[in-house]
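Working through the structure, step by step
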Amino acid sequence: MKILLLSSAYNGLTQRVHVELLQRGHTVSIEVAINEQTMLEGVQLFKPDIILCPYLRHRIPESIWRHYICIVVHPGIKGDRGPSSLDWAIQNKETEWGVTALQAAEEMDAGDIWATATFKMRPGTKSSIYTVEVTEAAVKVVLQTLERFQDANFKPELLNYSKPDVLGQLRPTMRQVDRSVDWQTDTTTTILNKIYAADSSPGVVDVIFGKEYYLYGATRESNLGESNLLGEPGELIATRLGAICRATVDGAVWISHLKRKAINGDKPFFKLPAAMVLADKVNDLPEIPVSIYHSTVNTFREIWYEEKNAVGYLHFDFHNGAMSTEQCLRLRDAVVEARNRPTRVLVLLGGRSAWSNGVHLNIIEAASNPAEESWHNINAIDDLIYEILTTTNKITIAAVHGNAGAGGVPFALACDKVCVRSGVVFNPHYKSMGLYGSEYWTYTLPKRVGFEKALEITEACMPMGMQEAKQLGLVDFIIPEMFTAFDHKIEMMTESLAQSNNYDKILESKAKRRDHDEFVKPLKYYRQEELRHMREDFYKPNSPYNPARKAFVYKTPATETPERLAHHRHAEHFDNSVLPLRDRVAKTARSVIQ
């Protein structure tokens, strides 16, 4: 079918739906919903069989929904209506939630129901639940809707609140007054739920040192009492790795990130580590260290390590997958330490919703010299990946449960084996950010997919689903399970590998390959060649990296649909729009990967 994705942004959910539809052979094009004129123009150019709206903040014009079946993917159960669906579900501690495919109609979220799917809720941020559970349920309802669309006998269900399975209701837009934290009365659990329900947007507004900030990244703390660091509710009592700790009526919470609330006339602010935003105001607070061997879950930690049956598990979970210079160096040191442990396999496990997205653009933007900080950050992540690539005394495994983009993809490819959750999406490219890329991608990517395909992938700037990644040889194992079931499957696979009779042969073969590759072309030359390009990208005054970075950090709305997505706006659309863009990239350029 010809399917138009009409979306307010090409976000993670839209990308996942896109790759699933392409995998099934549909002709797909995308129109970013900028205004009524551009939406209508995109529809008229493409003339789709059906329009899917995975993520829509705008009302679909009547001029469109009157003439085309438009399916809105709503992150709520049957009968749920309103723009703050997931926010209310988290804050009200719903035990089950869902996604519903609704036909666009005159009244918002009140159209006929084409499909619905539910999932169990878990403690977690809105962004995490949206990226994992909502996205998985959305894919189910989209695919079911398309099946039903092709069934001439199917009739969608009218919204009827008298039916026993219609449990949702119309909810208002959640306001800051609904999210407000009362530090004198709210329990730690209540505070966590409020911040979870606003993470990553819009955040919870709170007053610190007389100024208003949005709060993000909350974690319960259970052990500060042992250090006699208890304080009055709302009081800042400690810092750790850029986070601040605030006392509550029954404990304490860590807040990892803040964003200053702009007042009239202020330039916009963006999210940064909390202690960095408050700067000299928290200098007198004690910095509470945490070991990578710290066993308590209820505390703020970004890196931790554990061992079991000759396998070392190195966990890292950075906010939104962004990795600053300091974070890269801390993870590098942890890799070196884990590498020296008496284990046979080292497993790297990233966050649940984000494995890694490469360098930390927000911290770079905040630096007094963004070019200099970019240079430090890219060298730090290169240092980290170098330590993984040169680990020859054990087998390394990347266990990828969350999405990966930019430098996060070659970070995973640095490991000997890459195991991924089936719903993961890779964005293995840099060009859309105006960068050539580093992280030894010119070594690891061609090694897995070949020179030509590596060039096509990085030039096309398109997301990649795991079925395609497996077909290309980019990943080794796909695991359909999520969360603890995913971890259990990883444990079974890696512990079996550690105990395998062929382990010594596998390790010996690995060491020989590394020696051979180093002889043919040392790693330092890949790095030098990549960094030569990157230095120009960072320091050149008219480099596209600078405006691209600013647009990303300040979340500048799109003014047009990127050309790589809107195939209906290409002259060649009528001949080969069914093909993914990466398969139509001209092979005229050549790079230093050869």
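Rules used throughout
Residues numbered from 1 in each chain as written. Predicted model: local features only at pLDDT ≥ 70, side-chain atom pairs only at ≥ 80, totals over all residues. Heavy atoms only, no water. Helix = DSSP H or I, 4+ residues; strand = E, 2+ residues; numbered from the N terminus. Buried < 20%, exposed > 50% of the residue type's maximum accessible area, 1.4 Å probe, protein only. Contact = heavy atoms within 4.5 Å. Areas by Shrake-Rupley, 256 points an atom, 1.4 Å probe, with all protein chains shown as cover. Lys, Arg positive; Asp, Glu negative; His and termini not counted. Charge placed at Lys NZ, Arg CZ, Asp CG, Glu CD. Core = buried A, V, L, I, M, F, W, Y, C linked by side-chain atoms within 4.5 Å. Disulfide = S-S within 2.5 Å. Pairing = 2+ DSSP bridges. Expected span 1.5 Å × (residues − 1). Arc of directions from axis to C-beta. Polar contact = N/O pair within 3.5 Å; in protein donor to acceptor, adjacent residues only side chain to side chain. Axes fitted to C-alpha atoms, helices over the stretch in contact; angles between N-to-C directions. Parallel < 35°, antiparallel > 145°, perpendicular 65-115°, else oblique. Nonpolar A, V, L, I, M, F, W, Y, C, P; charged D, E, K, R; others polar. pLDDT = per-residue confidence, 0-100. Salt bridge = Lys/Arg side-chain N within 4 Å of Asp/Glu carboxyl O.

**Looking at the overall build of the protein**
The helix and strand tally for the protein stands at 20 helices and 22 strands. Expressed along its principal axes, the backbone C-alpha trace of the protein runs to roughly 65 × 65 × 55 Å. Counting the 594 residues in the protein, one finds 56% classified as buried. A separation threshold of at least 6 residues defines the contact pool for the protein, and within that pool the share at least 24 residues apart is 71%. Roughly 25800 Å² of accessible area belongs to the protein as shown, and the carbon and sulfur atoms make up 50% of that amount. Counting 68 positive and 73 negative side-chain charges, the protein places the averaged centre of each group 2 Å from the other.

**So, the nonpolar core**
One finds Leu331, Trp355, Val400, Phe411 and Phe426 to be the most contacted residues of the largest nonpolar core, which totals 67 residues. Broken down by element, the residue count for this core peaks at nine residues, all from helix H11 (residues 370-389). Residues Val73, Phe119, Val141 and Ala198 belong to the second largest nonpolar core, which totals 59 residues.

**Quick word on the state of the cysteines**
Using the criterion set out here, one finds zero disulfides in the structure. For the unlinked cysteine Cys419, the closest cysteine sulfur is that of Cys415, found at 9.4 Å.

**Details of the side chain of Arg448**
With respect to the helices and strands, the residue Arg448 is situated in helix H13 (residues 441-449). Not counting residues within four places of it along the chain, the set of residues in contact with Arg448 comprises Leu413, Cys415, Asp416, Lys417, Val418, Leu472, Gly473, Leu474, Val475 and Asp476.

**Let's talk about the sheet that holds strand E21 (residues 464-465)**
Reading across the sheet, the four strands line up as E16-E18-E20-E21 and stay open at both edges, with mixed pairing between neighbours. Strands at the two margins of the open sheet, each flanked by one partner only, are strand E16 (354-356) and E21. Pairing analysis gives two bridges linking E16 to strand E18 (residues 403-405), with the strands arranged parallel. When the bridges of E18 are listed, Ala354 appears paired with Asn403.

**Topic: H11**
Residues that lie three or four places apart on an α-helix share one face, since the helix turns once every 3.6 residues. The terminal C-alpha atoms of H11, which comprises 20 residues, lie 28 Å apart, in line with the 28 Å expected from a rise of 1.5 Å per residue. Burial analysis of H11 places 16 of its 20 residues in the buried class, the great majority of the element.

**Things to note about helix H2 (residues 36-46)**
Among all positions in H2, only Thr38, Met39, Gly42, Val43 and Phe46 are buried. Across the axial projection of H2, the buried residues extend over an arc of 135°, all falling on one side. Structurally, the start of H2 carries an N-cap: the backbone nitrogen of Gln37 is 3.1 Å from a side-chain oxygen of Asn35. Of the residues trailing H2, Lys47 is marked for its positive phi of about 50°.

**Some thoughts on the sheet that holds strand E22 (residues 477-479)**
With mixed pairing, six strands are arranged side by side in an open sheet as E13-E14-E15-E17-E19-E22. Taken across any chain shown, the strands that pair with only one partner, and hence form the sheet edges, are strand E13 (303-308) and E22. Looking at each pair of strands side by side, their axes are set apart by 20° on average, direction ignored. Note that strand E15 (residues 345-349) and strand E17 (residues 395-400) share five bridges and pair parallel. Each bridged residue has a counterpart across the sheet, and for Leu349 the counterpart in E17 is Ala399.

**Focus on the packing of H13 against helix H18 (residues 523-539)**
If you want to describe how two helices pack, look at the angle between their axes and the distance between the axes. With their axes 8 Å apart at the nearest point, H13 and H18 run at an angle of 110° to one another. Between H13 and H18, the crossing angle belongs to the class labelled roughly perpendicular. The residues of H18 that touch H13, namely those facing Trp441, Thr442 and Tyr443, are Leu523, Tyr526 and Glu530. Here the contact of H13 with H18 is built from residues that sort into four nonpolar, one polar and one charged.

**Description of the confidence of the model for the protein**
Low pLDDT marks regions whose predicted coordinates should not be analysed in detail. Mean pLDDT for the protein: 94, with 95% of residues reaching 70 or above. Confidence over residues 574-594 falls short of pLDDT 50; this stretch has 47 contacts with residues more than four positions distant or in other chains.

**Let's talk about the pattern of salt bridges**
Note that side chains of opposite charge can pair when their charged atoms are close. Taken as a whole, this structure holds 42 salt bridges when the rule is applied. When the shortest N-O distance is used, the salt bridge between Lys261 and Glu212 registers 3.6 Å. With Lys261 in the loop between strand E11 (251-260) and strand E12 (272-273) and Glu212 in strand E8 (residues 211-221), this residue pair connects regions lying 49 residues apart in the sequence. Glu212 sits in the partly exposed class, given a relative accessible area of 37%. Between Lys453 and Glu456 there is a salt bridge, with the nearest N and O atoms lying 3.4 Å from each other. Here the residue Lys453 and the residue Glu456 both occupy positions in helix H14 (residues 451-460), the gap between them amounting to three residues, near one helical turn.

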